Amino acid sequence: MPPPVFRFAPSPNGYLHLGHAYSALLNFDLARRTGGSFLLRIEDIDATRCRPEFEEAIYEDLSWLGITWQAPVRLQSEHLADHRVALEKLTARRLIYPSFESRAEITRLVAEREAVGPWPRDPDGAPHYPGNARSLSRQQRTQLLRSDAPYALRLDMAAALARTGQLHWAEHGAGPNGESGRIAARPDGWGDVILARKETPTSYHLAVVIDDALQGVTEVVRGEDLFWSTSVHRLLQRLLALPEPAYRHHRLILDSDRRKLSKSSAATGLRELRAAGATPAEIRRLVGLT
Ligand code: GLU
């Protein structure tokens, strides 16, 4: 078996906190222990929230923790052409459709649906797409695409599932309810997910599977908040004929109120802890790594 490939993939939209330290150290330790490699990927596709100073701080904070990574660092924003090719493949297979409703319109449509009964929500709590863009005529679609109207490109979940059938993944860690081993994917729980927008020609789900494949990642080690996203990732991997990595979802580091850490909280920020005199060994102890 070739040596495993691990990665840490933060978004430079804030400073790293103890939760990031745990994830990065866990990946780094696993790579060292197994004779594998450790890669760093900067997930910077959201140009409105990502900033160069946060990217610089990621390198600085990880180096301070004693983490080293293989060069080059992959900047997701430099590989949009790869994401576009994948999107074109899915479009050619008629698995993608554009929808044109604004966020406000979507909220209104969901409220309308919910007034007559329950409307499905995805594992993150967002309502499924309520619009009727799939039934627009070819002519209406072309006209709207040529206009100034913003749009989202959505995966036609029913059509995609008809192509793939039931999918699974190998879970070496555990999900939020202790799920482990061979997990049955449930991509339908996400509805017609957005894979790109007019102004951002890719999305987290699309970019993560393509970049993991292009970087040869064999073990995806990340927080359990992304456990059910893996269902969409497996679906996209199958549709795009990409290799299947193993997954290891890990516990989240919570604050004293048992809430997920936020990038804006000073109490758990790595820079603040460092300024207050914490050592990398203390950070390891704080996140429960020895
Ligand atoms: N960029 C994502 C985040 O910062 C992580 C994605 C992943 O590990 O799959 O939450």
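Read on for a plain summary of the structure. Note that the coordinates shown come from a computational prediction; the quantities given were computed from them, not determined experimentally.

### So, the pairing of strand 2 (residues 37–42)
Alright, step 1. Of all the 6 residues making up strand 2, 6 are buried; the element is thus mostly covered by neighbouring parts of the structure.
Alright, step 2. Going residue by residue along strand 2, you find Ser37, Leu39 and Arg41 tucked away on one face and Phe38, Leu40 and Ile42 tucked away on the opposite face as well.
Alright, step 3. Summarising the sheet, strand 1 (residues 5–8) and strand 2 pair through 4 bridges and their orientation is parallel. Each residue of the ladder has a partner; that of phenylalanine 6, found in strand 2, is phenylalanine 38.
Alright, step 4. In this fold, the crossover linking strand 1 to strand 2 by way of helix 1 (residues 18–34) has right-handed handedness.
Alright, step 5. Relative to strand 3 (residues 74–75), strand 2 runs parallel, the two sharing 2 bridges. Among the inter-strand pairings, arginine 41 is bridged to a residue of strand 3, identified as arginine 74.
Alright, step 6. Traced from strand 2 through helix 2 (residues 52–64) to strand 3, the parallel crossover comes out right-handed.

### Examining the packing of aromatic side chains
Alright, step 1. Under the counting rule described, the total for this entry stands at 9 aromatic pairs.
Alright, step 2. Between the aromatic rings of tyrosine 15 and phenylalanine 54, the centroid separation amounts to 4.9 Å while the plane-to-plane angle is 85 degrees, which identifies the pairing as edge-to-face. Of this pair, tyrosine 15 sits in the loop between strand 1 and helix 1 while phenylalanine 54 sits in helix 2, and the two are 39 residues apart along the sequence.
Alright, step 3. You can call tyrosine 15 partly exposed: its relative accessible area is 32%.
Alright, step 4. Ring geometry for tryptophan 169 against tyrosine 247: centres 6.5 Å apart, planes inclined by 70 degrees, an arrangement best described as edge-to-face. With tryptophan 169 in strand 6 (residues 168–171) and tyrosine 247 in strand 10 (residues 246–250), this pair connects stretches of sequence that are 78 residues apart.
Alright, step 5. Of the residues examined, tyrosine 247 reaches a relative accessible area of 1% and is grouped as buried.
Alright, step 6. Put simply, the rings of Trp169, Phe227, Trp228 and Tyr247 pair up and form one aromatic cluster.
Alright, step 7. Positioned above the aromatic ring of tryptophan 228 is the side chain of arginine 186, whose terminal nitrogen or guanidinium carbon lies 4.3 Å from the ring centre.
Alright, step 8. Lying across the ring of tryptophan 64, arginine 274 places its NZ or CZ 5.2 Å from the centre.

### Concerning the environment of alanine 184
Alright, step 1. Examined against the element boundaries, alanine 184 turns out to sit in strand 7 (residues 181–184).
Alright, step 2. In contact with alanine 184, not counting residues within four places along its chain, are Gln166, Leu167, His168, Trp169 and Trp228.

### Some details on the environment of asparagine 132
Alright, step 1. Along the chain, the position of asparagine 132 falls in the loop between helix 4 (103–116) and helix 5 (138–146).
Alright, step 2. The exposed category is assigned to asparagine 132, whose relative accessible area is 51%.
Alright, step 3. Separated by 18 residues in sequence, asparagine 132 and proline 150 have C-alpha atoms that sit 16 Å apart.

### A few points about the site of the ligand
Alright, step 1. Taken together, the residues surrounding the ligand are Arg7, Ala9, Pro10, Ser11, Glu43, Tyr204, Val208, Arg222 and Leu226.
Alright, step 2. Within the side chain of glutamate 43, one N or O atom sits 2.6 Å away from a nitrogen atom of the ligand.
Alright, step 3. For the ligand, whose free accessible area comes to 300 Å², the fraction covered by protein is 77%.
Alright, step 4. Residues belonging to the shell around the ligand are distributed by class as follows: 5 nonpolar, 1 polar and 3 charged.

### Some details on the environment of glutamate 171
Alright, step 1. Considering the arrangement of structural elements, one finds glutamate 171 in strand 6.
Alright, step 2. You can call glutamate 171 buried: its relative accessible area is 3%.
Alright, step 3. Spatially, the C-alpha atom of glutamate 171 lies 6.7 Å from that of isoleucine 183, the residues being 12 residues apart in sequence.
Alright, step 4. Dropping the residues within four chain positions of it, glutamate 171 is found in contact with Glu179, Ser180, Gly181, Ile183, Phe227, Tyr247, Arg248 and His249.
Alright, step 5. Looking at glutamate 171, its side chain comes within polar contact range of the main-chain nitrogen of glycine 173, at 3.0 Å.
Alright, step 6. Among the polar contacts listed, one links the side chain of glutamate 171 to the backbone nitrogen of alanine 174, at a separation of 3.3 Å.

### Focus: the packing of helix 3 (residues 80–92) against helix 7 (residues 204–214)
Alright, step 1. The interhelical angle for the contact between helix 3 and helix 7, taken along N-to-C directions, is 115 degrees, at an axis separation of 10 Å. What the angle tells us is that helix 3 and helix 7 run roughly perpendicular. For the crossing formed where helix 3 meets helix 7, the hand is right-handed. Together, Asp82, His83, Ala86, Leu87 and Leu90 of helix 3 and Leu206, Ala207, Ile210, Asp211 and Leu214 of helix 7 make up the contact between the two elements.
Alright, step 2. Taken together, the residues of the contact of helix 3 with helix 7 sort by class into 7 nonpolar, 1 polar and 2 charged.

Rules used in this analysis
Residues numbered from 1 in each chain as written. Predicted model: local features only at pLDDT ≥ 70, side-chain atom pairs only at ≥ 80, totals over all residues. Heavy atoms only, no water. Buried < 20%, exposed > 50% of the residue type's maximum accessible area, 1.4 Å probe, protein only. Helix = DSSP H or I, 4+ residues; strand = E, 2+ residues; numbered from the N terminus. Pairing = 2+ DSSP bridges. Right-handed = clockwise from strand over helix to strand, strands pointing away. Phe/Tyr/Trp six-rings, centres within 6.5 Å; stacked < 30°, edge-to-face > 60°. Lys NZ or Arg CZ within 6 Å of the ring centre and 35° of its normal. Contact = heavy atoms within 4.5 Å. Near = heavy atom within 4 Å. Polar contact = N/O pair within 3.5 Å; in protein donor to acceptor, adjacent residues only side chain to side chain. Areas by Shrake-Rupley, 256 points an atom, 1.4 Å probe, with all protein chains shown as cover. Nonpolar A, V, L, I, M, F, W, Y, C, P; charged D, E, K, R; others polar. Axes fitted to C-alpha atoms, helices over the stretch in contact; angles between N-to-C directions. Parallel < 35°, antiparallel > 145°, perpendicular 65-115°, else oblique. Left-handed = near helix turned anticlockwise from the far one by under 90°.

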